[in-house]
Amino acid sequence: MAKSKIIINNDKIRVTNWFFKPGEETGEHIHEYDYLVIPMGDGILKIINEDGSVSMSELNKGLPYFRKKGTKHNVINNNKFEYSFIEVEIKYSV
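Below is a summary of the structure that appears in this document. From a predicted model like this one, the values you see are computed outputs, not experimental measurements. (Residues numbered from 1 in each chain as written. Predicted model: local features only at pLDDT ≥ 70, side-chain atom pairs only at ≥ 80, totals over all residues. Heavy atoms only, no water.)

1. Things to note about the overall build of the protein chain
Helices and strands together make up the secondary structure of the protein chain, namely zero helices and nine strands. Secondary structure elements of the protein chain, listed N to C terminal, follow the sequence β-β-β-β-β-β-β-β-β. Scaling as 2.2 N^0.38, a compact globule of 94 residues should have a C-alpha radius of gyration of about 12 Å, and the protein chain matches this with 13 Å. Principal-axis analysis of the C-alpha atoms places the extent of the protein chain at approximately 35 × 30 × 25 Å. Taking all 94 residues of the protein chain together, the buried fraction comes to 36%. Restricting the contact set of the protein chain to residue pairs at least 6 apart, pairs at least 24 apart contribute 70%. Computed over 13 positive and 13 negative side-chain charges, the separation of the two mean positions in the protein chain equals 4 Å. (Helix = DSSP H or I, 4+ residues; strand = E, 2+ residues; numbered from the N terminus. Rg over C-alpha atoms; globule rule 2.2 N^0.38 Å. Buried < 20%, exposed > 50% of the residue type's maximum accessible area, 1.4 Å probe, protein only. Contact = heavy atoms within 4.5 Å. Lys, Arg positive; Asp, Glu negative; His and termini not counted. Charge placed at Lys NZ, Arg CZ, Asp CG, Glu CD.)

Shown next as C-alpha cells:
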C-alpha cells in the first residue's frame, strides 16, 4: 500500500505527500474536494476508475494537473522505481 504524509491540514487546504514503491497502490478512494497533483518526478501511474476502466497517466516532474471532487479511483505506481507526488486538496469554494 502506498504511504502518505500530511504536510498541511487546515480549514482551507490539505497537502499530502504520497510515496509509492513499484506496484504499490492507494486503494480505491473518493476525493471529497477538488484537488491538484504535483508530480515529484517523471513517471507513469495506472489508474483504475470507478467503472473498471484502466488508463495510464504519464506525469512529468513539476507539471501539475487538476481534478474535480467526486473522482473515485485507485492509483498504482506502474514504474520500476519509487514514485511520489504532492496532492493539494481545496476545502473551500473560491
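2. Some thoughts on the pairing of strand β1 (residues 3–9)
Bridge count between β1 and strand β2 (residues 13–20): six bridges; the pairing is antiparallel. Bridge pairing in β2 places lysine 5 opposite asparagine 17. A loop of three residues connects β1 with β2, the two strands running antiparallel in sequence. (Pairing = 2+ DSSP bridges.)

3. Description of the layout of surface pockets
What the largest pocket holds in volume is close to 240 Å³. Of all the elements in the fold, those that place two or more residues in the lining of the largest pocket are β1, β2, β4 (34–39), β8 (72–77) and β9 (83–90). Partitioning the lining of the largest pocket into residue classes produces eight nonpolar, six polar and three charged. (1 Å grid on protein atoms, 1.4 Å probe; cavity = no way out; pocket = protein on both sides within 12 Å on 5 of 7 lines; lining within 4 Å. Points joined across faces, edges and corners; volume = space filled by probe spheres on them. Nonpolar A, V, L, I, M, F, W, Y, C, P; charged D, E, K, R; others polar.)

4. Some remarks on the sheet that holds β2
With respect to topology, five strands assemble into an open sheet ordered β1-β2-β9-β4-β7, the strand pairing being antiparallel. Each having just a single partner strand, β1 and β7 (65–67) make up the two edges of the open sheet. When strand polarity is set aside, the average angle formed by the axes of neighbouring strands in this sheet is 20°. (Axes fitted to C-alpha atoms, helices over the stretch in contact; angles between N-to-C directions.)

5. What to know about the packing of aromatic side chains
A complete count under the given rule lists two aromatic pairs for this structure. For the ring pair phenylalanine 20 and phenylalanine 85, a centre distance of 5.6 Å and an interplane angle of 35° mean the geometry is tilted. Note that phenylalanine 20 is positioned in strand β2 and phenylalanine 85 in strand β9, a separation of 65 residues in sequence. Taken individually, phenylalanine 20 and phenylalanine 85 each receive the classification buried, so the pair is uniform in this respect. Through successive ring pairs, a cluster of aromatic residues spans Trp18, Phe20 and Phe85. (Phe/Tyr/Trp six-rings, centres within 6.5 Å; stacked < 30°, edge-to-face > 60°.)

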